[in-house]
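Overview (structure and organization)
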Amino acid sequence: MLSTRNRIRKSLATLTGIDKDLAKQLSFGLPAAQLPGSSGRFSGFKWAIGACLVATLLALPIRGLLDLANIVMVYLLAVVLVAVRFGLGPGVFASILSVLVFGVFLVPPYQSLTVADTQYLFMLGVMFAVAVIISSLAANLRRQVTISHYREQRANELFELSKALSVAITNEQIAAVATNHANAMFQSGVVLLLPDAHGKLWPADTNDDARASISPVALHSAQAVFDSQPLSNPDSVKISARALFLPLRAPTQVRGVLVVMTDDARRLLLPEQQRLLQTCATQIALALERLHFVELAKDALVSVESERLRNALLSAVSHDVRTPLTAIIGLSSTLATQQSTLSDQTRAELIEAIQQEAYRMNKLVTNLLDMGRLQTGNLKLNRQWQMFEEVVGSALSQLSRALDDRNIELALPPTLPLLHFDAVLIERLLCNLLDNAIKYSSPAAPIRIAAVLDDGNVRVSIDDCGTGVPVGLEQAIFEKFVQANPQSTLSGTGLGLSICRAIIEAHGGRIGVDERYRPGARFWFTLPLGSPPSYEGCAEFDTLDRTRSA
């Protein structure tokens, strides 16, 4: 029976060009302000009387000059105008009134409903039929225009909903977008319910107003819909006395329930409104599905990254730590077992080799600990106003054994102001950069340390004449466990430059490689100048810092 009724409705829509369901919806579903000419219930009939009166006043002066068949066109024009503007009812009323007025004032005998000639009676009948047909066509045209405007508005609202959902990145944002747009579309209260970890539905908007807007009974009904609705039945909804429950079905699972609460349930039962509700529910479900898969992708990426770091760390510990440790064990065993047979020079060389291997292992462990501290975000800067030259001297002193007789060129201007930084971390930064310059350049090549003022910053550069950074690795070289030449015989874990970048970024500066510097490499970093205190304050800070160091 229902399918037969739907076929009849489709046939009528095809013949008349009007969607009857949508036309019925527009008759009571939309506000009166959206319907053209609906300022008052009887305004159309008043305008029909006025139009017939104007047509009569125009026709009376010419009733003896023109044939009645021509004068009829004036009334037909009035009927068309009324029907186009106010619809079928006022149009038919204008048709009836036009025939009566035409027969009384323009058909002999005048001022009487009596017709002297039967041809006039035939003409009045044809006039009435033509007027009614024109009224119906004009009213249908008006209704079709109204429906077109409504559908255009609906398409725009769906587009705005889709655009807003596409940029939402949390469940709370999706809930806010869904409720705001759905409230405007359906002029009803809308609540989005999402399941928790145990599958129990709760309002996605956590404020008190959202929780108070839905009753426990409605929440229980929504839970029943969520638990019982299969994915294979996408068009099923549950309707209570004053609410409609739409499951949010995504391709993989039901993501929640959209509750639409209204006092006029008839608007929600119409097929046009049902299609609109299903479209909105589908878009919201897809947005929730997208957010779910984004979270899964993030978790997978974190898992992959953690696994990669774990493997790299195990490789570094198993190889780079075991190598100096094995060397220390072998050298110390030789020194212990053959002490009596070794010359003083050989013993001194063995002791020096043990010290070098211990230094390598200490550097590796320090880098691993520093990276772990930086990675966990527990880095706290101990900033002091101090001279940059002193930190450079401290770094060179710490690397004195590795520098040996290397030529170090310093280009630090005497007017360099005091800088606000953590001396221990900046010293670690300089040590890592200088150690790279030492490893990747020949002993006879000089190393240059320079500093210049650059647009509110101090730009420090360390130049060497070594192998340089391969093209294309200028940015990647600062990532964890990335080495310029992994096949090199030089030991290293690829953590030094990553630590340098973390230290500089914590100070609000930048670090990089000069791609145009050849041959060799030029690493540079910047530190903000800031506003140093007065000279007396600086002296006090310097004294405190020296006391703390001692």
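For the structure given in this document, a descriptive report is provided here. (Residues numbered from 1 in each chain as written. Predicted model: local features only at pLDDT ≥ 70, side-chain atom pairs only at ≥ 80, totals over all residues. Heavy atoms only, no water.)

1. Considerations on the overall build of the chain
- Of the regular secondary structure elements, the chain holds 17 helices and 12 strands.
- A buried classification covers 39% of the 550 residues belonging to the chain.
- Across the chain, every contact between residues at least 6 apart in sequence was considered, and the portion connecting residues at least 24 apart equals 67%.
- Total accessible area computed for the chain in this model is approximately 30,200 Å², and 60% of it derives from carbon and sulfur atoms. (Helix = DSSP H or I, 4+ residues; strand = E, 2+ residues; numbered from the N terminus. Buried < 20%, exposed > 50% of the residue type's maximum accessible area, 1.4 Å probe, protein only. Contact = heavy atoms within 4.5 Å. Areas by Shrake-Rupley, 256 points an atom, 1.4 Å probe, with all protein chains shown as cover.)

2. Here's the deal with helix α15 (residues 423-439)
- The first and last C-alpha atoms of α15 sit 24 Å apart over 17 residues, in line with the 24 Å expected at 1.5 Å per residue.
- Taking burial as the measure, the 17 residues of α15 include 15 buried ones, the bulk of the element.
- A distance of 3.0 Å separates the backbone nitrogen of valine 424 from a side-chain oxygen at the start of α15, and that oxygen is part of aspartate 422. (Expected span 1.5 Å × (residues − 1). Polar contact = N/O pair within 3.5 Å; in protein donor to acceptor, adjacent residues only side chain to side chain.)

3. Details of the packing of helix α4 (residues 68-86) against helix α5 (residues 88-105)
- Packing of α4 against α5 brings their axes to within 7 Å, and their N-to-C directions diverge by 160°. As summarised for this structure, α4 and α5 are arranged roughly antiparallel, according to the angle between their axes. Crossing of α4 against α5: the hand is right-handed. On the side of α4, the interface is formed by Leu68, Ile71, Val72, Tyr75, Val79, Val82, Ala83 and Phe86, while α5 contributes Leu88, Pro90, Gly91, Ala94, Ser95, Ser98, Val101 and Phe102. (Axes fitted to C-alpha atoms, helices over the stretch in contact; angles between N-to-C directions. Parallel < 35°, antiparallel > 145°, perpendicular 65-115°, else oblique. Left-handed = near helix turned anticlockwise from the far one by under 90°.)

4. So, the pattern of salt bridges
- If you walk through the whole model with that rule in mind, you get 5 salt bridges.
- Arginine 522 is the salt-bridge partner of aspartate 463, the closest N and O atoms lying 2.9 Å from each other. Here aspartate 463, found in strand β10 (residues 457-464), pairs with arginine 522, found in strand β12 (residues 521-528); they are 59 residues apart in sequence, far enough to count as distant.
- One salt-bridge network, held together by shared partners, links Asp463, Asp514 and Arg522. (Salt bridge = Lys/Arg side-chain N within 4 Å of Asp/Glu carboxyl O.)

5. A few points about the nonpolar core
- Phe388, Ile426, Leu430 and Phe525 are the most contacted members of the largest nonpolar core, which has 43 residues in total.
- At the level of elements, α13 (388-398), β8 (419-421), α15, β9 (447-454), β10, α16 (496-506), β11 (511-513) and β12 are the ones that each hand at least two residues to this core.
- Top element by residues in this core is α15. It accounts for 10 residues.
- Leucine 430 has contacts with Phe388, Val391, Val392, Ala395, Ile462 and Phe525, leaving out every residue within four places of it along the chain.
- In terms of nonpolar packing, the next biggest core, distinct from the first, is built from 31 residues, Ile174, Val177, Ala250 and Leu276 among them. (Core = buried A, V, L, I, M, F, W, Y, C linked by side-chain atoms within 4.5 Å.)

6. Description of unusual backbone geometry
- Its identity is not glycine, yet aspartate 455 carries a phi of approximately 55°, on the positive side.
- A relative accessible area of 73% places aspartate 455 in the exposed class.

7. Quick look at the packing of aromatic side chains
- A complete count under the given rule lists 5 aromatic pairs for this structure.
- The interplanar angle of 20° and the centroid separation of 6.1 Å between the aromatic rings of tryptophan 47 and phenylalanine 86 together place this pair among those described as stacked. With tryptophan 47 in helix α3 (residues 43-59) and phenylalanine 86 in helix α4, this pair connects stretches of sequence that are 39 residues apart.
- Exposure remark for tryptophan 47: the relative accessible area of 54% places this residue in the exposed category.
- Take phenylalanine 86: its relative accessible area is 17%, and that puts it in the buried class.
- Ring centres of phenylalanine 478 and phenylalanine 523 lie 6.2 Å apart, and the angle between their planes is 75°; on these two criteria the pair is classed as edge-to-face. Of the two residues, phenylalanine 478 is situated in the loop between β10 and α16 and phenylalanine 523 in strand β12; the sequence distance between them amounts to 45 residues. Both residues of the pair, phenylalanine 478 and phenylalanine 523, belong to the buried class.
- For arginine 85, the ring lying beneath its charged end belongs to phenylalanine 86, and the centroid distance is 5.3 Å. (Phe/Tyr/Trp six-rings, centres within 6.5 Å; stacked < 30°, edge-to-face > 60°. Lys NZ or Arg CZ within 6 Å of the ring centre and 35° of its normal.)

8. A look at the pairing of β10
- With 6 of its 8 residues buried, β10 lies for the most part within the structure.
- Here β10 runs beside β12; their pairing, made up of 8 bridges, is antiparallel. Residue pairing in the sheet places asparagine 457 in a bridge with proline 528 of β12. (Pairing = 2+ DSSP bridges.)

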